[in-house]
Amino acid sequence: MSNTYVITGCNRGLGLEFVRQLVARGEQVIGTARKLEDLRSHTESGVETHALDVSNIDSIERFSETMNGQAIDVLINNAGVGVHSKPFESLDFNEMEEFFSTNTLGALRVFRALLPSLRLGSLKKVVNLTSKMGSIADNSSGAAYSYRVSKAGLNMATRSLAIDYRAEGFICVVVHPGWVATDMGGAGAPVTPEESISGMLRVIDRLTPENSGEHIDFTGARVPW
Ligand SMILES: NC(=O)c1ccc[n+]([C@@H]2O[C@H](COP(=O)([O-])OP(=O)(O)OC[C@H]3O[C@@H](n4cnc5c(N)ncnc54)[C@H](OP(=O)(O)O)[C@@H]3O)[C@@H](O)[C@H]2O)c1
């Protein structure tokens, strides 16, 4: 039996590979992107596509209205901006606000807007794409303030969601995709999008309520907070 997945930021990178692999195994995929034409030119027929800018409240409301009454089993908050590593004294605070708005608030806004549909779903899985760079315990190289802070915030919020929505049966996790060769990860990254997504789908498929609130990487290993 197929399940319904909503994925944000699907026009390129990991989001697009999520769409490819989920379609290939026969799932119902609702792909979203702020550049709808770009998304449509990359995805095959059979994928439901919608415009969604996760940093724009009006865009999120329009999308959630179209989902009204439709069950969603798995939400994958993939859309993100990064990594830009400037020294603290040349840090651009406007950039920091943009990263926070997209990487942290974006996932929260989308989750809240889609709650009615997620409540109708049978799996109730919420997967927020984080990064090891958001791990405080793993930070041994400093810098990258905007990106690190935005993902650390997402981690904390996901942990609270896991607690607050456990009684309703939701499973909320943050997943680190590895260092992957996308526009964000760069061509020299050691993991391919295919490997990262097949690993993350294995992790997502195996999630149980006991995993809710965990920080897991694409191999299934726990990441320190
Ligand atoms: N690649 C890595 O090594 C790596 C490592 C750790 C974590 N991650 C995380 O994995 C996720 C995907 O990364 P990626 O490597 O695929 O990055 P990417 O190649 O740069 O793609 C990012 C995607 O997010 C979309 N996006 C950005 N801002 C958005 C917004 N406001 N609304 C909707 N979509 C938006 C982009 O759309 P546009 O084309 O419109 O910009 C694009 O589709 C991110 O959350 C990232 O932080 C990646």
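For the structure itself, consult the block above.
These numbers come from a predicted model, not from an experiment.

Novice: Explain the pattern of salt bridges here, please?
Specialist: Opposite charge on two side chains lets them pair, provided their charged atoms get close. Tallying each qualifying case throughout the model produces seven salt bridges. Glutamate 27 is paired through a salt bridge with arginine 25; the nearest N and O atoms lie 2.9 Å apart. Here the salt bridges do not stand alone but share partners, grouping Arg25, Glu27 and Asp205 into one network.

Novice: When you look at the layout of surface pockets in this model, what are you seeing that I'm missing?
Specialist: In this model, the largest pocket occupies a volume close to 800 Å³. Only helix H1 (13-24) and helix H5 (145-164) provide two or more residues apiece to the lining of the largest pocket. Split by residue class, the lining of the largest pocket holds 13 nonpolar, 15 polar and seven charged. Of the pockets and cavities examined, the second largest pocket occupies roughly 210 Å³. If you trace the second largest pocket, you find it lined by Ile57, Ile60, Glu61, Leu108, Arg109, Phe111, Arg112, Ala113, Leu161 and Tyr165. Contributing elements (two or more residues each) for the lining of the second largest pocket: helix H3 (57-67) and helix H4 (93-120). Ranked by residue count, the leading element in the lining of the second largest pocket is H4, at five residues.

Novice: Where do I start with the pairing of strand E3 (residues 48-51) in this structure?
Specialist: Sheet faces and side chains relate simply in a regular strand, where the side chains alternate between the two faces. Pairing of strand E2 (residues 28-33) with E3 involves four bridges; the strand directions are parallel. By the bridge assignment, alanine 33 is partnered in E3 with alanine 51. Handedness of the β-α-β unit built from E2, helix H2 (residues 36-42) and E3 comes out right-handed.

Novice: For this particular structure, what's the right way to read the site of the ligand?
Specialist: The ligand sits among 30 residues. The nearest are Asn11, Arg12, Arg34, Tyr147 and Thr182. Contact distances for the ligand include 3.3 Å between an oxygen atom and a backbone N or O atom of glycine 80. Burial of the ligand by the protein chains amounts to 96% of its free accessible area of 900 Å². The cavity where the ligand resides is the largest pocket. Among the secondary structure elements, those contributing two or more residues to the shell around the ligand are H1 and H5. Class assignment for the residues of the shell around the ligand results in 11 nonpolar, 13 polar and six charged.

Novice: What's the story with the nonpolar core in this structure? I'm lost.
Specialist: Here is a general trend for soluble globular proteins: nonpolar side chains tend to be buried in one another's company. Membership of the largest hydrophobic core comes to 29 residues, with the highest contact counts inside it found for Ile7, Phe18, Ile76 and Val127. Looking at this core, the elements with two or more residues in it are strand E1 (4-7), H1, E2, H2, strand E4 (74-77), strand E5 (125-129), strand E6 (171-176) and helix H6 (193-206). When residues of this core are assigned to their parent elements, the largest contribution, five residues, is made by H6. Once residues within four sequence positions are removed from consideration, isoleucine 7 is found in contact with Gly15, Phe18, Val19, Leu22, Val29, Ile30, Gly31, Thr32, Ile76 and Asn78.

Novice: It is not clear to me how H1 should be interpreted in this structure. Could you clarify?
Specialist: Each α-helix turn comprises 3.6 residues. Residues three or four places apart therefore point the same way. Taking 1.5 Å of rise per residue, the 12 residues of H1 would be expected to cover 16 Å, and the 17 Å separating its terminal C-alpha atoms lies within 8% of that figure. Turning to H1, its buried residues are Leu14, Gly15, Leu16, Glu17, Phe18, Val19, Gln21 and Leu22. Residues of H1 that are buried make contact with E1, E2, H2, E4, E5 and H6. Backbone geometry just downstream of H1 places glycine 26 in the positive-phi region, at approximately 90 degrees.

Novice: Which parts of the structure should I look at to understand the packing of aromatic side chains?
Specialist: Two measures describe an aromatic ring pair: the distance that separates the ring centres and the angle between the ring planes. Per the stated rule, a full pass over the model turns up four aromatic pairs. Between tyrosine 165 and phenylalanine 170, the ring centres sit 5.8 Å apart and the planes meet at 80 degrees, which makes this aromatic pair edge-to-face. Residue tyrosine 165 shares its accessibility class with phenylalanine 170, and that shared class is buried. Here the aromatic residues Phe111, Tyr165 and Phe170 are joined through ring pairs into a cluster of three or more.

Novice: I would appreciate a short explanation of a nonpolar patch on the surface in the present structure.
Specialist: Where nonpolar side chains cluster on the molecular surface, the patch consists of Phe88, Phe93, Tyr145 and Val149 and spans about 390 Å² of accessible area. By the secondary structure assignment, valine 149 is in helix H5.

Calculation criteria
Residues numbered from 1 in each chain as written. Predicted model: local features only at pLDDT ≥ 70, side-chain atom pairs only at ≥ 80, totals over all residues. Heavy atoms only, no water. Salt bridge = Lys/Arg side-chain N within 4 Å of Asp/Glu carboxyl O. 1 Å grid on protein atoms, 1.4 Å probe; cavity = no way out; pocket = protein on both sides within 12 Å on 5 of 7 lines; lining within 4 Å. Points joined across faces, edges and corners; volume = space filled by probe spheres on them. Helix = DSSP H or I, 4+ residues; strand = E, 2+ residues; numbered from the N terminus. Nonpolar A, V, L, I, M, F, W, Y, C, P; charged D, E, K, R; others polar. Pairing = 2+ DSSP bridges. Right-handed = clockwise from strand over helix to strand, strands pointing away. Near = heavy atom within 4 Å. Polar contact = N/O pair within 3.5 Å; in protein donor to acceptor, adjacent residues only side chain to side chain. Areas by Shrake-Rupley, 256 points an atom, 1.4 Å probe, with all protein chains shown as cover. Sits in = over half its atoms within 2 Å of the grid points. Core = buried A, V, L, I, M, F, W, Y, C linked by side-chain atoms within 4.5 Å. Buried < 20%, exposed > 50% of the residue type's maximum accessible area, 1.4 Å probe, protein only. Contact = heavy atoms within 4.5 Å. Expected span 1.5 Å × (residues − 1). Phe/Tyr/Trp six-rings, centres within 6.5 Å; stacked < 30°, edge-to-face > 60°. Patch = residues over 30% accessible without salt bridge, like charges linked within 9 Å, V, L, I, M, F, W, Y side chains within 5 Å.

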